[in-house]
Amino acid sequence: MAMRRGMTKAQEIAYDLREQIRSGALASGQALPSESKMMSQYGYSRETIRAGVRLLVEEGLVVTGQGQGKYVREDYPPVVWNWTTLESRKRHATAVEGRTAGDQWASAITENGNAPRQDITVSIVEPPPLVRKCLELPADGLAVARKRVRFIDNRPYALADSYFPQELVSGTPLMEPRDVSAPGGILASVGLVQAKYVDEISVRMPTRQEAELLALPAATPIAEHTRTGYDADGRPLRCMVTILPGDRHKILYEVSTD
């Protein structure tokens, strides 16, 4: 490897490995050469080799596997979400009678030829401050939280936590810790029709818990999508907070110019 002006030895190693990854010479999921092999190849000490590889770990291009192995970060096929139509009443209407896979997320994944799975828990909670604000709950108000870890082909892809005012959904199927569906949606089936959504999107780094649940490599930002659903009178019925890792999602909106 030729010396590159202005680079430290560790930066030279990182540069060379980075180029191999970008060119495909080191493929997604492939193990990096052993430290001994790289010491022989580059002519540098073990500590210098480790420092160079560490730069790529910090960039998120390389991940640590079992033991001491280092691997090229695995690529996730991106999922494209059209949030404009995903929760339309028209799509809800086909979420029963075997015509789709269950809830709308699962249906969309199945339509793409992939296998959806959700780990679901349901509990009554004091909601986070943002959710309390969106649902317009009083200081002592409680919410029913349906928390889901969403998998595609057994790989974790997203977190989706839906919150509902407790008094609105107690005794409904939304209290069941499993996939549930109904014509027009569960809320509509019990007389709570969402007539409008308000969306907020922020981009940030994940919390430790989010990174663990989604098996995120270092340096992976996430999009936090908060959707609040309102009835025709402007009463908030649901607040859904979805965590979308930046390396496996694209968000699509269709906006009318009228």
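Please read all numbers here as calculations on a predicted model, not as lab measurements.

Calculation rules
- Residues numbered from 1 in each chain as written.
- Predicted model: local features only at pLDDT ≥ 70, side-chain atom pairs only at ≥ 80, totals over all residues.
- Heavy atoms only, no water.
- pLDDT = per-residue confidence, 0-100.
- Contact = heavy atoms within 4.5 Å.
- Helix = DSSP H or I, 4+ residues; strand = E, 2+ residues; numbered from the N terminus.
- Buried < 20%, exposed > 50% of the residue type's maximum accessible area, 1.4 Å probe, protein only.
- Polar contact = N/O pair within 3.5 Å; in protein donor to acceptor, adjacent residues only side chain to side chain.
- Patch = residues over 30% accessible without salt bridge, like charges linked within 9 Å, V, L, I, M, F, W, Y side chains within 5 Å.
- Areas by Shrake-Rupley, 256 points an atom, 1.4 Å probe, with all protein chains shown as cover.
- Salt bridge = Lys/Arg side-chain N within 4 Å of Asp/Glu carboxyl O.
- Axes fitted to C-alpha atoms, helices over the stretch in contact; angles between N-to-C directions.
- Parallel < 35°, antiparallel > 145°, perpendicular 65-115°, else oblique.
- 1 Å grid on protein atoms, 1.4 Å probe; cavity = no way out; pocket = protein on both sides within 12 Å on 5 of 7 lines; lining within 4 Å.
- Points joined across faces, edges and corners; volume = space filled by probe spheres on them.
- Nonpolar A, V, L, I, M, F, W, Y, C, P; charged D, E, K, R; others polar.
- Core = buried A, V, L, I, M, F, W, Y, C linked by side-chain atoms within 4.5 Å.

Remarks on the confidence of the model for the chain
Item 1. Scored by pLDDT, the chain comes out at a mean of 89, with 91% of its residues at no less than 70.
Item 2. Considering only residues more than four positions removed or in separate chains, one finds that residues 95-101, a stretch of pLDDT under 50, has 13 contacts.

Quick look at the side chain of glutamate 224
Item 1. One can find glutamate 224 in strand E8 (residues 222-230).
Item 2. Take glutamate 224: its relative accessible area is 15%, and that puts it in the buried class.
Item 3. In this structure the side chain of glutamate 224 is engaged in a polar contact, spanning 2.6 Å, whose partner is the side chain of arginine 204.
Item 4. The residues touching glutamate 224, leaving out its near neighbours within four places in the chain, are Leu130, Glu200, Ile201, Ser202, Arg204, Val241, Thr242 and Ile243.

Quick look at a nonpolar patch on the surface
Item 1. Taken together, the side chains of Ile201, Val203, Ile251, Tyr253 and Val255 define a hydrophobic patch exposed on the protein surface, amounting to about 480 Å² of accessible area.
Item 2. The topology assignment puts tyrosine 253 in the segment after strand E10 (249-252).

Some remarks on the packing of helix H2 (residues 35-42) against helix H3 (residues 46-59)
Item 1. Two numbers describe how H2 lies on H3: the axes approach to 9 Å, and their chain directions differ by 105°. Classified by the angle their axes make, H2 and H3 are roughly perpendicular. Where H2 abuts H3, its residues Glu35, Ser36, Met38, Met39 and Tyr42 lie against Arg46, Ile49, Arg50 and Val53.

Comments concerning the layout of surface pockets
Item 1. Of the voids in this model, the second largest pocket is the one considered here, and its volume is about 390 Å³.
Item 2. Elements with a contribution of two residues or more to the lining of the second largest pocket: strand E4 (116-125), helix H6 (129-135), strand E5 (143-152), strand E6 (155-165), helix H9 (208-213) and strand E9 (236-245).
Item 3. For the lining of the second largest pocket, the class distribution of residues is 10 nonpolar, 3 polar and 7 charged.

Examining the nonpolar core
Item 1. Residues Val131, Leu135, Tyr163, Cys239, Val241 and Ile243 are the most contacted members of the largest nonpolar core, which totals 17 residues.
Item 2. Broken down by secondary-structure element, the contributors of at least two residues to this core are H6, E5, E6 and E9.
Item 3. In terms of residue count, the dominant contributor to this core is E5 (4 residues).
Item 4. When near neighbours in sequence (up to four residues on either side) are disregarded, isoleucine 243 contacts Tyr157, Ala158, Leu159, Arg204, Glu210, Leu214, Ile222, Ala223 and Glu224.
Item 5. In this structure, Tyr76, Val79, Ile109 and Ala158 belong to the second largest nonpolar core, which totals 15 residues.

Examining the side chain of arginine 238
Item 1. Residue position: arginine 238 is located in strand E9.
Item 2. We classify arginine 238 as buried; its relative accessible area is 7%.
Item 3. Beyond its immediate sequence surroundings of up to four residues, arginine 238 is in contact with Glu87, Leu135, Ser162, Tyr163, Phe164, Leu187, Gln194, Tyr197, Arg227, Thr228 and Gly229.

Considerations on the pattern of salt bridges
Item 1. Counted under the stated rule, the structure contains 15 salt bridges.
Item 2. Close ionic contact of glutamate 35 with arginine 50 constitutes a salt bridge, the shortest N to O distance being 2.9 Å. Separated by 15 residues along the polypeptide, glutamate 35 in helix H2 and arginine 50 in helix H3 bring together distant segments of the chain.
Item 3. Note that arginine 178 and glutamate 176 form a salt bridge whose closest N and O atoms lie 2.5 Å from each other.
Item 4. Under the relative-accessibility criterion, arginine 178 is labelled partly exposed at 49%.
Item 5. Taking the relative accessible area as the measure of exposure, glutamate 176 reaches 28% and is therefore partly exposed.
Item 6. Put simply, Glu35, Arg46, Glu47 and Arg50 are held in one network by salt bridges that share partners.

Some remarks on the environment of glutamate 59
Item 1. Mapped onto the elements, glutamate 59 comes out in helix H3.
Item 2. Under the relative-accessibility criterion, glutamate 59 is labelled partly exposed at 37%.
Item 3. Expressed as a C-alpha distance, the spacing of glutamate 59 and glutamate 111, which sit 52 residues apart in the sequence, is 34 Å.
Item 4. Other than its neighbours up to four places away in sequence, glutamate 59 contacts Arg18 and Ala219.

Examining empty space enclosed by the protein
Item 1. Summed over the entire model, instances satisfying the criterion amount to 1 cavity of 30 Å³ or more.
Item 2. Estimates place the volume of the largest cavity at around 30 Å³.
Item 3. Every residue lining the largest cavity is listed: Trp81, Trp83, Leu86, Trp105, Arg150, Ala158, Thr242 and Leu244.

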